[in-house]
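Listed below are the residues making up each chain.
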Amino acid sequence: MAQQKFLHQRPIQNPFSSSPLSNSSISNRPISLLSRNGLLILLALLVILGVFLPWAGSPLFPFPNRLSSSQSKWRDYSLPQAVKFVAKNGTVIVCAVSYPYLPFLNNWLISVSRQKHQDQVLVIAEDYATLYKVNEKWPGHAVLIPPALDSQTAHKFGSQGFFNFTARRPQHLLEILELGYNVMYNDVDMVWLQDPFQYLEGKHDAYFMDDMTAIKPLDHSHDLPPPGKKGRTYICSCMIFLRPTNGAKLLMKKWIEELQTQPWSRAKKANDQPGFNWALNKTAHQVDLYMLSQAAFPTGGLYFKNKTWVKETKGKHVIIHNNYIVGFEKKIKRFRDFNLWLVDDHASESPLGKVG
C-alpha cells in the first residue's frame, strides 16, 4: 500500500517542530516499529486505513483511485457515439441520472424492459460514479457530457444543484436532435404500464403531458392548454417526445434561453419546468405541439390521490409519474403502496440487475 511504502522509505518526522528535541540527533533517527512510539504510529495508520479504504471506491470519496482502462474508455465516450449505439429506428430514449437516483433508474428500466424498449435507452450520467456503474453492468448505455456535477447536491429538489442538474436537459435533447434522431425523455421516477410509442399520434414536433390535477374529459383537446394564474401553462417537463424538426429544435433553444434569463437564486428556487412552459407558450405559433391524453399520462397528483378517477380510467394508464411528492423515501413508499416499486422482486428484469 502507498501508505506503508511511505512508512518504510522515509523517517517519520516529529510533528512538533517547535519542540527542543527537533534539533537533536534523536529527531533524525527512524522510529523503530517495535518501539512504543512506532507501535502507536502504526496503530494510528491502521485506524486511518480502516476508516478510509472502504470509501476509496465510493462516489463520495474525494480522492478517486487510478482509473482502469475501461473507465478511461468511458470518459472519452461521446454523445454521438452513444446515440448511434443505442438508437433503434432512428429513436433514442433518454434519462438523466445522478448516483443517488440509481434505484429509481433501475425501477424505471424494469418497466421499460417489459415493453421491449430497453435497448433504446441512453442514460446521461451526471457524475462519473454513475457513468462507470451503468457501463460496467450495461456497456455503452451511459454517457457523461462534461462537466460532471456533484451527485450529492443534484438530487435535492429546490437546490441550486438540482437546478443545474435539470437545466442541462434541453441542451442534451437539442444535441440529439441535431444528430438527426427522434428522442423521448423520461424522468426516472416514472413507471411504464404500456408502450407509450403507440400513443404518439401523427407527426407533430413535440409531445408532452399536462401537470394539472383537474380532471379532463377523455376526449379532451390535444392543443397546448391556456395559461394558468402565473401567466403560463403547467406542462410537465418529465416526459417529452421530440422529432428532429426545426420546430422541436426551436423549442429547445427557447427553453435554454428561458433558463439563462431566469437563473436559480435563493429567493427564487427554480427548476427547469417553468422555463419549459414559457418556451412552449412563446413558440406555440411556430411549433406543432401535441398534449398527450391525461388518462394515459396522468400526473402523480391525480393518479395517486384520486382513487375514483383511477378506477374509472383503469386499463388506459400508460406512464405513471411519481411527482407531487418530495423525498426519496416518500416516493419509494408511495410506489410500494401502489405495487409500482419493482426492484425489490424483479431486479433480474433490469439490464442492470441488482444495483447497490
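Summary of the structure given here. (Residues numbered from 1 in each chain as written. Predicted model: local features only at pLDDT ≥ 70, side-chain atom pairs only at ≥ 80, totals over all residues. Heavy atoms only, no water.)

### Points about the overall build of the protein chain
- Scanning the protein chain from terminus to terminus reveals 14 helices and nine strands.
- For the protein chain, the computed accessible surface area is about 18,600 Å², with 55% contributed by carbon and sulfur atoms. (Helix = DSSP H or I, 4+ residues; strand = E, 2+ residues; numbered from the N terminus. Areas by Shrake-Rupley, 256 points an atom, 1.4 Å probe, with all protein chains shown as cover.)

### Focus on the environment of Lys254
- Here Lys254 is to be found in helix 9 (residues 246-261).
- Measuring from C-alpha to C-alpha, the distance between Lys254 and Thr283 comes to 7.8 Å, with 29 residues separating the pair along the chain.
- Once residues within four sequence positions are removed from consideration, Lys254 is found in contact with Ala279, Lys282 and Thr283. (Contact = heavy atoms within 4.5 Å.)

### Re the pairing of strand 7 (residues 235-242)
- Among the eight residues that make up strand 7, eight are buried, leaving the element largely enclosed by the rest of the structure.
- In this structure, strand 4 (residues 182-186) lies alongside strand 7, joined through four bridges in antiparallel fashion. Its bridge partner lying in strand 7, Tyr185 is registered against Ile240.
- Looking at chain direction, strand 6 (residues 206-210) and strand 7 are connected through five bridges and run antiparallel. (Buried < 20%, exposed > 50% of the residue type's maximum accessible area, 1.4 Å probe, protein only. Pairing = 2+ DSSP bridges.)

### Quick word on the nonpolar core
- Residues Leu105, Trp108, Leu122, Met239, Leu242, Leu251 and Met252 are the most contacted members of the largest nonpolar core, which totals 90 residues.
- Setting aside residues no more than four positions away along its own chain, Leu105 makes contact with Cys95, Val97, Val123, Val134, Val188 and Leu352. (Core = buried A, V, L, I, M, F, W, Y, C linked by side-chain atoms within 4.5 Å.)

### Observations regarding the pairing of strand 4
- The element strand 4 is largely enclosed, with a buried count of five among its five residues.
- Across the two faces of strand 4 the burial is the same, with Asn182, Met184 and Asn186 and Val183 and Tyr185 all buried.
- One ladder, built from four bridges, connects strand 1 (residues 91-97) with strand 4; its direction is parallel. Within strand 4, the position partnered with Ile93 by the bridge is Met184.

### Regarding the sheet that holds strand 3 (residues 142-144)
- With mixed pairing, the seven strands of this open sheet are ordered in space as 3-2-1-4-7-6-8. The sheet terminates laterally at strand 3 and strand 8 (289-291), the two strands that pair on one side only. When strand polarity is set aside, the average angle formed by the axes of neighbouring strands in this sheet is 30 degrees.
- Where helix 4 (residues 79-86) meets the sheet, it contacts strand 1, strand 2 (121-125) and strand 3, and its direction lies at approximately 155 degrees from that of strand 2.
- The strands touched by helix 10 (residues 272-283) are strand 6, strand 7 and strand 8; relative to strand 7, the strand with the most contacts, the crossing angle is about 60 degrees. (Axes fitted to C-alpha atoms, helices over the stretch in contact; angles between N-to-C directions.)

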